[in-house]
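Observations on chain architecture
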Amino acid sequence: MHRVWAMIERDLRRFRRSPVLVLVSIFVPLVQLVILGYAFGGKVKNLQIGVLNEDHHLPSVRLQEMFQAVAANAQTFVTIPYSDRAAALADLKDGRLNGVLEIPPEFSRKALDGGSPQIGLAEDNTDPFSSSAVEAVLNELMPVYNGPVVGPRASSQATLEVVEVYPYVPYIQYLLAGTVVLAIFVSAMIGGGIIFIDDKARGLHEGYLVTPITKFELILGFNLAGTLKAVIAGVVLITLGSLIAGVPHPLDPLRLARMFVLVVLTSLALISLMFLLMVRVNDPLVPRAIFGMLNTVLYFPSGAVYPTQSFPAWMKCIASVDPFTYAVHGFKQLILKDGTLLAIRQDLFFLALFTLVSMVLGTLLFRRTL
Amino acid sequence: MAVIEVRDLVKRFGEFTAVDHLSFSVGQGEILGLLGPNGAGKSTLIRMLTTLMTPTSGQAMVNGYDVVREAGRVRGSIGVIPQAMTSDLELSAWENLVIFAKLHGLGRDQRRQVIRDLLRDVDLEPWADKPVRMFSGGMRRRMEIARGLVHQPRLFFLDEPTTGLDPVSRVAVWEMLARLRASRGLTILITTHYMDEADKLCDRIAIVDHGRLVALDSPLKLKASVPGRNILEVSFAGVKPDWADTLRQLPDVADVHAEETVFRIFSQNGPRTTLALIEASRAAGASITSLAVQSTSLDDVFVHYTGRQLRDGLQEPGAAESPYLFKR
């Protein structure tokens, strides 16, 4: 075992001299967390909607006031009054507006006569996020406008009462789980992929191969050293990320202890995966070349940025064997729901099994000769 | 007793035979130099003897252990300096040695003493705590030699340890090896391209070409085995086409090689042949434009046994051929 510790000590001493690896593996995902978290933010806001009221009678004014109420409260859009239809449509085409709401001249008369009054929405549908957000707000608004000003005392209509089990989750908190796993992955990719192959190409491994260290000790040393660095990256990111994203009780020791268990298992799984992928590689270009592809194949199907339930069947297949999926699910339970280890036992079991299978395959493929 | 015993050793990479039925032995305390052109199979041989490669056939015993069946015991009993610089650049010299001492299972107290002694022996004591990336090529090589000796082996393999070093560093490394051999009773198997150094340091020299052993003897005997003890390199103006035949008739001449107007005359007695050459030239009306007389060197031995042909050809790709390998 002292030889395994020698390999770990070597890696940690190198890391202490040049902590770039962990800095990069923390900094890059952290930037992504902040940029993506605030860029998407969970809700679309401040869209520019031109309002062209060609009617000006009481029903149309009431409608216009409702638009302004949305602008003042939910802030989905801000309204900009227009008197010239051509100018409003030109601004829509030029991208200065996201949509134009048109209240036609006969709107109030038809509303008072019961003649099916209509308003028009010309929208920039090249941006589906914005157009669907405007449509959703207006679809909620119209029944309210059409309903009675004073409601009946008793109603036979069924309504939906939504009960939110957890406090509101901003998108940045939703992203945090995937970001922690990404930080561990970047550390595994650089430490277990790029540096591992660079060391091999430089002949460093040749130096170790002529010592009495056994194949098993060598593999254990490489993997445990990589895991330690990945754990450091994961722990730092979960702490910093929780503080930045405003997760409740970010420094609760029990919560941190649960996170630590998952960080360790995730690190072991991703390091052993990297070892398996790199065990027969000699060319230093290979890990660099597959970095982006691996990131895409593992990160996006995992549910880190979008729910896996909505994926097509083939992507669900990838997700079902992707260690990211189980790690992300586990972190979401712990971060967003303050769950227990019992609640994520299936994720922990999969990550442990994945580590075991990868290590066994990697050991079988590892050659102690050149 | 033989420390290294190689019998009929073969290594093939597909159709290519890198080591072709090699047999030799190395005695206790001996320094054996392996010489040969690039691609001759020297590094492959060392890699088999140090358990980094498995032989295709044949047998090799190192320190009494079989390199295939008792590879672990072989590794514990030898020191190896591979061809590439394999130190951890981010670590200090001391740290590099500590890691390898631990890999060899040395205890803390023994470790400290051994490392201190070794750093003193390789003249790196003042730089023990500096990162190896700040070292010159010669310093790195000396540090690696210390690293190879950290577990105090009695048998040391060095694969081209001085290639790429400046002349001063080269001399320092070889002098250090001679010192270490004397003080630690080392047996050394070394490959090199530098004939003069092999001449000074090695007890015996094995010349390997195309994976085969073409000569194995002491430097003196190898030099004696080349026709002529002296070589006269002479240029003439106005000589007849059969001038080489005339030169072959001169006293003590063993052989003559001609390249246009330059003639290399291999002689058993340089001074006598030189005097006769001057007489013969005068008689034939040929004028000598330059004349140099030299003793047979290992370079001549090398060329004699391996020929002058360039060894261009494809080799088995490996870590040593990686574009990312930091070569000296």
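Structure shown above.
The present account deals with the structure reproduced in this document. Here the residue numbering is sequential within each chain, running from 1 through the sequence in written order. A letter from A marks each chain and a number from 1 marks each ligand, given out in the order of writing. Local features in this predicted model are restricted to residues whose pLDDT is 70 or higher, and side-chain atom pairs enter the listing and the counts only when it is 80 or higher, whereas totals over whole chains, interfaces and linings include all residues. To get the side-chain values, all heavy atoms of the structure are used, and hydrogens and water are removed first.

**Quick notes on the nonpolar core**
Test applied: To define a nonpolar core, start from buried Ala, Val, Leu, Ile, Met, Phe, Trp, Tyr and Cys residues and group those joined through side-chain atoms within 4.5 Å. Relative accessibility under 20% of the residue-type maximum defines a buried residue, over 50% an exposed one, and the middle range a partly exposed one, all with a 1.4 Å probe and only protein chains included. Secondary structure counts use DSSP, requiring at least four H or I residues in a row for a helix and at least two E residues in a row for a strand, with both numbered from the N terminus. Note on contacts: a residue pair is in contact if any heavy atoms of the two residues lie within 4.5 Å.
One finds Phe331(A), Leu49(B), Ile145(B) and Leu189(B) to be the most contacted residues of the largest nonpolar core, which totals 158 residues. Here this core takes 18 residues from helix α7 (residues 171–202) of chain A, the largest share from any one element. Leaving out residues up to four positions away in the same chain, Leu189(B) has contacts with Ile4(B), Phe24(B), Val26(B), Leu32(B), Leu34(B), Ile46(B), Leu49(B), Phe156(B), Phe157(B) and Leu158(B).

**Points about helix α11 (residues 285–299) of chain A**
All names here are of chain A. Which entries qualify depends on this criterion: To estimate how far a helix should reach, multiply one less than its number of residues by 1.5 Å. In this scheme, the bend at a residue equals the angle between the axes fitted to the seven residues that finish there and the seven that begin there.
With 15 residues, α11 ought to run about 21 Å at 1.5 Å a step, and its terminal C-alpha atoms sit 22 Å apart, in line with that. Where α11 bends most, the angle comes to about 40 degrees, and this point is Phe291. All of the buried residues in α11 are Pro287, Leu294, Leu298 and Tyr299.

**A word on the interface of chain B and chain A**
In plain terms, the rule: Buried area is calculated as the accessible area (1.4 Å probe) missing from two parts once they are joined, with the contributions of both summed. Salt bridges are defined as contacts in which a side-chain nitrogen from Lys or Arg sits within 4 Å of a carboxyl oxygen from Asp or Glu. The definition of a polar contact used here is a pair of N or O atoms within 3.5 Å, where within protein one atom must be able to donate a hydrogen and the other to accept one, and adjacent residues in sequence count solely through side-chain atom pairs. Under the convention adopted here, Pro, Cys and the residues Ala, Val, Leu, Ile, Met, Phe, Trp and Tyr are nonpolar, Asp, Glu, Lys and Arg are charged, and Gly plus all remaining residues are polar.
At the junction of the two partners, chain B supplies 33 residues and chain A supplies 28 residues. In total, chain B and chain A occlude about 2900 Å² of area from one another, counting both sides; carbon and sulfur atoms represent 62% of this. Taken together, chain B and chain A are joined by eight salt bridges. The residue Glu9(A) makes a salt bridge to Lys102(B) at a minimum N-O spacing of 2.4 Å. For the pair chain B and chain A, the interface holds nine residue pairs in polar contact (both at pLDDT 80 or more). Taken together, the elements giving at least two residues each to the side of chain B that touches chain A come down to α2 (71–77) and α3 (93–103) of chain B. No other element matches α3(B), which puts six residues into the side of chain B that touches chain A. Of the residues contributing to the side of chain B that touches chain A, the split by class is 16 nonpolar, ten polar and seven charged.

**Notes on the sheet that holds strand β6 (residues 78–81) of chain B**
Residues and elements named next belong to chain B. Stated precisely, the cut-off is as follows: Any two strands between which DSSP finds at least two bridges are classified as paired. Throughout, an axis means a line fitted to C-alpha atoms (over the contacting stretch in the case of helices), and angles, computed between N-to-C directions, take values from 0 to 180 degrees.
An order of β6-β7-β8-β3-β9-β10 is seen for the six strands of this open sheet, with the pairing classed as mixed. Both outer strands of the open sheet, β6 and β10 (212–217), are each paired with one neighbouring strand and no more. Taken over all neighbouring pairs, the strand axes of this sheet differ in orientation by 15 degrees on average, direction set aside. Strand direction decides the pairing type here: strand β7 (residues 155–159) and strand β8 (residues 187–191), joined by five bridges, are parallel. Opposite Phe157, over in β8, you have Leu189 as the bridge partner. Lying on the sheet, helix α6 (residues 167–184) is in contact with β3 (31–35), β7 and β8; it crosses β8 at an angle near 160 degrees.

**Re the packing of helix α10 (residues 253–278) of chain A against α11(A)**
Residues and elements named next belong to chain A. To keep things clear, this is the line we draw: Note on angle classes: values under 35 degrees are labelled roughly parallel, values over 145 roughly antiparallel, values of 65 to 115 roughly perpendicular, and the remainder oblique. Helix crossings get a hand from a simple test, with the near helix turned counterclockwise from the far one by less than a right angle marking a left-handed crossing and a clockwise turn marking a right-handed one.
Relative orientation of the contacting elements α10 and α11 amounts to 135 degrees, with a least axis distance of 13 Å. Overall, the two elements α10 and α11 adopt an arrangement that is oblique. In this structure, the crossing between α10 and α11 has a hand that is right-handed. Where α10 approaches α11, its residues Leu273, Met274, Leu277 and Met278 are matched on the opposing element by Pro287, Ile290, Leu294 and Leu298. Here the contact of α10 with α11 is built from residues that sort into eight nonpolar, no polar and no charged.

Treat this as a map of the structure, not an account of what it does.
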